[in-house]
Structures are given as structure tokens and as C-alpha cells.
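As a plain string of letters, each chain reads:
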Amino acid sequence: MGYRKIPRIYTLEFDGELDGLVVRIKSIKFGAVRRLVALMDEEGKDVQLMGEINSYLADSIVSWTLQDE
């Protein structure tokens, strides 16, 4: 029987305009963090960096309480 890693889940609770929104996310992989750090060191990559951050965050979402009206 082998080791099975249980992912750490973070709970983000919002207030203000997004009051009541709860988002549960798992941590991103270390390789993704290294990629983001490398992008931040490059000049003129702001748009690509934001796209990468959004992609990693979207991939890490476990659940959320947002409902369509």
C-alpha cells in the first residue's frame, strides 16, 4: 500500500460587494509557482502573467457558492 497525498483545501470567504461568496481552492503545484515567478521577472509580460494566474486559479477551484440569478 502506498502513500496517498490528501490535497490541502483553502477556504476564501468574501465580504463587501461579494458578501457571502465562499470559494474553496486547493494549492497550486510548485512547478506552476516557478513558472509564475519566471514570468514576473520578464519585462512586458503583464497580460500573459494575468492569463496564467487566472488559469492556475481556475484549475485549483474545488467549489464555490456563487449562484446565477
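A quick note: this is a predicted structure, and the numbers were derived from the prediction, not measured. (Residues numbered from 1 in each chain as written. Predicted model: local features only at pLDDT ≥ 70, side-chain atom pairs only at ≥ 80, totals over all residues. Heavy atoms only, no water.)

Enquirer: Explain the sheet that holds strand β3 (residues 61–64) here, please?
Expert: Sheets are built from strands paired through backbone hydrogen bonds, the pairs being either parallel or antiparallel. On the basis of which strands lie adjacent, the open sheet formed by three strands has the order β1-β2-β3 and antiparallel pairing. With one partner strand each, in any of the chains shown, β1 (9–13) and β3 form the two edges of the open sheet. When strand polarity is set aside, the average angle formed by the axes of neighbouring strands in this sheet is 20°. Bridge count for strand β2 (residues 22–26) against β3 is three bridges, and the pairing is antiparallel. Looking across to β3, one finds that I25 is bridged to I61. (Pairing = 2+ DSSP bridges. Helix = DSSP H or I, 4+ residues; strand = E, 2+ residues; numbered from the N terminus. Axes fitted to C-alpha atoms, helices over the stretch in contact; angles between N-to-C directions.)

Enquirer: Mind showing me how you'd approach helix α2 (residues 46–60) here?
Expert: Residues separated by three or four positions in an α-helix point in the same direction, a consequence of the helix having 3.6 residues per turn. The end-to-end C-alpha distance of α2 is 21 Å, a good match for the 21 Å that 15 residues give at a rise of 1.5 Å each. Turning to α2, its buried residues are L49, E52 and S60. Along the long axis of α2, the arc covered by the buried residues comes to 65°, so they all point the same way. Residues of α2 that are buried in the fold lie against β2, α1 (30–41) and β3. (Expected span 1.5 Å × (residues − 1). Buried < 20%, exposed > 50% of the residue type's maximum accessible area, 1.4 Å probe, protein only. Arc of directions from axis to C-beta. Contact = heavy atoms within 4.5 Å.)

Enquirer: Would you mind going over the environment of D59 with me for this structure?
Expert: With respect to the secondary-structure elements, D59 resides in helix α2. The spatial distance from the C-alpha of D59 to the C-alpha of I28 is 8.4 Å, given a sequence separation of 31 residues.

Enquirer: Teacher, can you tell me more about a nonpolar patch on the surface here?
Expert: Residues I28, F30, V33, V37 and M40 make up a contiguous nonpolar surface patch of roughly 450 Å² in combined accessible area. Assignment of secondary structure puts F30 in helix α1. (Patch = residues over 30% accessible without salt bridge, like charges linked within 9 Å, V, L, I, M, F, W, Y side chains within 5 Å. Areas by Shrake-Rupley, 256 points an atom, 1.4 Å probe, with all protein chains shown as cover. Salt bridge = Lys/Arg side-chain N within 4 Å of Asp/Glu carboxyl O.)

Enquirer: Even after reading the chapter, I still don't get the pairing of β2, so can you show me in this structure?
Expert: The two faces of the sheet receive side chains in turn, since in a regular strand these alternate between them. Residues V23 and I25 line the buried face of β2, whereas the alternating positions V22, R24 and K26 sit on a face that is not buried. By the bridge criterion, five bridges tie β1 to β2 in an arrangement that is antiparallel. Opposite E13, over in β2, you have V22 as the bridge partner.

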